Amino acid sequence: MPPHMSRADLLLNMYQSMLDRLGPSHWWPGETPFEVAVGAILTQNTNWGNVERAIANLKATGNLAPDAMLALPDAELAELIRPSGYYNMKAKRLKQLLLWLQDTCDGDIANLGSMEVNAARTALLSVKGVGPETADSIALYAAGLPTFVVDAYTLRIYSRHGLIPEDTDYHTLRDYFMDVLPHDPHLFNEYHALIVRVAKDWCKKGTPRCEDCPLAEFLDTHPNGGRA
DNA sequence: ATCCAGGACT
DNA sequence: AGTCCAGGAT
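What counts as what
Residues numbered from 1 in each chain as written. Chains lettered and ligands numbered in written order. Predicted model: local features only at pLDDT ≥ 70, side-chain atom pairs only at ≥ 80, totals over all residues. Heavy atoms only, no water. Helix = DSSP H or I, 4+ residues; strand = E, 2+ residues; numbered from the N terminus. Buried < 20%, exposed > 50% of the residue type's maximum accessible area, 1.4 Å probe, protein only. Contact = heavy atoms within 4.5 Å. Lys, Arg positive; Asp, Glu negative; His and termini not counted. Charge placed at Lys NZ, Arg CZ, Asp CG, Glu CD. UniProt positions renumbered as here; feature names shortened; annotations may be inferred. pLDDT = per-residue confidence, 0-100. Core = buried A, V, L, I, M, F, W, Y, C linked by side-chain atoms within 4.5 Å. Domains from an automatic or database assignment. Phe/Tyr/Trp six-rings, centres within 6.5 Å; stacked < 30°, edge-to-face > 60°. Near = heavy atom within 4 Å. Polar contact = N/O pair within 3.5 Å; in protein donor to acceptor, adjacent residues only side chain to side chain. Nonpolar A, V, L, I, M, F, W, Y, C, P; charged D, E, K, R; others polar. Expected span 1.5 Å × (residues − 1).

### Overview of the overall build of chain A
- When you go through chain A residue by residue, the secondary structure sums to eleven helices and zero strands.
- The helix and strand sequence of chain A, counted from the amino end, reads α-α-α-α-α-α-α-α-α-α-α.
- For chain A, with 228 residues in total, the buried portion stands at 47%.
- For chain A, long-range pairs separated by at least 24 residues make up 65% of all intrachain contacts whose partners lie at least 6 apart in sequence.
- Put simply, chain A has 20 plus and 28 minus side-chain charges, and the middle of one group is 8 Å from the middle of the other.

### Brief notes about the UniProt feature "domain: HhH-GPD" (unreviewed entry) in chain A
- Summarizing the sequence annotation, UniProt attributes the feature "domain: HhH-GPD" (unreviewed entry) to residues 42-201 in the numbering used throughout.
- What you have in residues 42-201 is 62% helix and 0% strand, and the ends, taken at the C-alpha atoms, are 22 Å apart.

### Notes on the confidence of the model for chain A
- Here chain A averages 91 in pLDDT, and 94% of its residues register 70 or above.
- Within chain A, the element-level pLDDT minimum falls on helix α3 (residues 48-60), averaging 92, and the maximum on helix α1 (residues 7-22), averaging 97.

### Focus: unusual backbone geometry
- Here the phi dihedral of His26 falls at roughly 50°; this positive angle occurs in a residue that is not glycine.
- With respect to the helices and strands, the residue His26 is situated in the loop between α1 and α2 (33-42).
- With a phi close to 50°, Tyr86 is a non-glycine residue in the positive phi region.
- Judged by relative accessible area, which is 48%, Tyr86 ranks as partly exposed.

### Details of the nonpolar core
- Within the largest apolar cluster, 75 residues are counted, with the highest numbers of intra-cluster contacts made by Tyr158, Phe177 and Tyr191.
- In terms of residues, this core owes the most to one element, helix α11 (residues 185-201), which gives eight residues.
- Summarising the domain contributions, this core has at least three residues from each of domain 1 (7-26 + 149-219) and domain 2 (33-142).
- Not counting chain neighbours up to four residues away, the residues in contact with Phe177 comprise Leu11, Phe148, Val150, Thr154, Tyr158, Tyr191 and Ile195.

### What to know about the packing of aromatic side chains
- According to the stated counting rule, one finds eight aromatic pairs in the structure shown.
- Between Tyr158 and Phe177 the ring centres are 4.9 Å apart and the planes differ by 85°, which places this aromatic pair in the edge-to-face class. With Tyr158 in helix α9 (residues 152-160) and Phe177 in helix α10 (residues 170-178), the pair connects residues that are 19 residues apart, well separated along the chain.
- Aromatic side chains Tyr176 and Phe177 sit 5.4 Å apart centroid to centroid with 85° between the ring planes, which places their arrangement in the edge-to-face category. Each member of the pair Tyr176 and Phe177 is classed as buried.

### Topic: the protein's contact with DNA strand B
- Around DNA strand B sit 17 residues, and of these Asn45, Tyr86, Gly129, Thr134 and Tyr153 come closest.
- Among atoms of DNA strand B positioned within 4 Å of the protein, sugar and phosphate together represent 58%.
- Separating a base nitrogen of DNA strand B from a backbone N or O atom of Asn45 is a distance of 2.4 Å.
- One of the backbone nitrogen or oxygen atoms of Gly131 is found 3.2 Å away from a phosphate oxygen of DNA strand B.
- Secondary structure elements with two or more residues in the surface near DNA strand B: α6 (87-104), α8 (132-142) and α9.
- Per-class residue counts for the surface near DNA strand B are seven nonpolar, five polar and five charged.

### Quick notes on α1
- Its 16 residues place the ends of α1 22 Å apart at the C-alpha level, agreeing with the 22 Å of an ideal helix rising 1.5 Å per residue.
- By the burial criterion, the buried members of α1 are Ala8, Leu10, Leu11, Met14, Tyr15, Ser17, Met18 and Leu22.
- Check the buried side of α1 and you find it contacts α9, α10 and α11.

### A few points about the protein's contact with DNA strand C
- Neighbouring DNA strand C are the residues Asn50, Arg53, Arg82, Pro83, Gly85, Tyr86, Tyr87, Asn88 and Met89.
- The protein-proximal atoms of DNA strand C, defined as those within 4 Å of the protein, are 60% sugar or phosphate.
- Separating a phosphate oxygen of DNA strand C from a side-chain N or O atom of Tyr87 is a distance of 3.1 Å.
- One of the backbone N or O atoms of Met89 is found 3.3 Å from a phosphate oxygen in DNA strand C.
- Elements with a minimum of two residues in the surface near DNA strand C: α3 and α6.
- The element that contributes the greatest number of residues to the surface near DNA strand C is α6, accounting for three residues.
- Grouping the amino acids of the surface near DNA strand C by side-chain chemistry returns four nonpolar, three polar and two charged.

Structure, rendered in structure tokens:
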């Protein structure tokens, strides 16, 4: 790594290294924007495996559609999504999102895509139960808008590399990327997907496996930043 | 049988 | 700071 690289080049190089090693992620492929939005709520504080069970339940009962889901009593919806955890709360959040969807997006999440990114973000953020990460996930993965999703994994990787403080808040972390990267939905989509994969398989919470990590070479520039 | 990881709201 | 939760790991 050249000694004084710009942040843009550093972030792009880290991206390229992950992509070279892991290949493209094809995130949220066969799903409709609606399914992506539902998944974004369900995956709050829970791993994707549990979310899949919940989505399977919704699908199996024909409730993975706005009207059907909205017609379901909270208790029944909660029961179907039970495997994803926090099911009572998430049933309500799902309903909030669906209600908002009806009168803001004319019932179709895809309509978000024609809005200005920040307008879409603000609108999403106004629904109770949709915080910054969920809003960005829906805007990017369901609507294809150029917004960068950050999360606990992003914070872990980049703080361990000594690039940001461990207590960096959501928007500061998001700006760290968005201030210097080209606002390209495909880049943002793949970048976040790669971060998640690296965090789960190498930059684990307890004991990171830095030796064979796709980002191993980037620890050199920050002798102590990495550690763990 | 306990522990742990993981967003958003009150 | 406390609450909401299941499923996988230990």
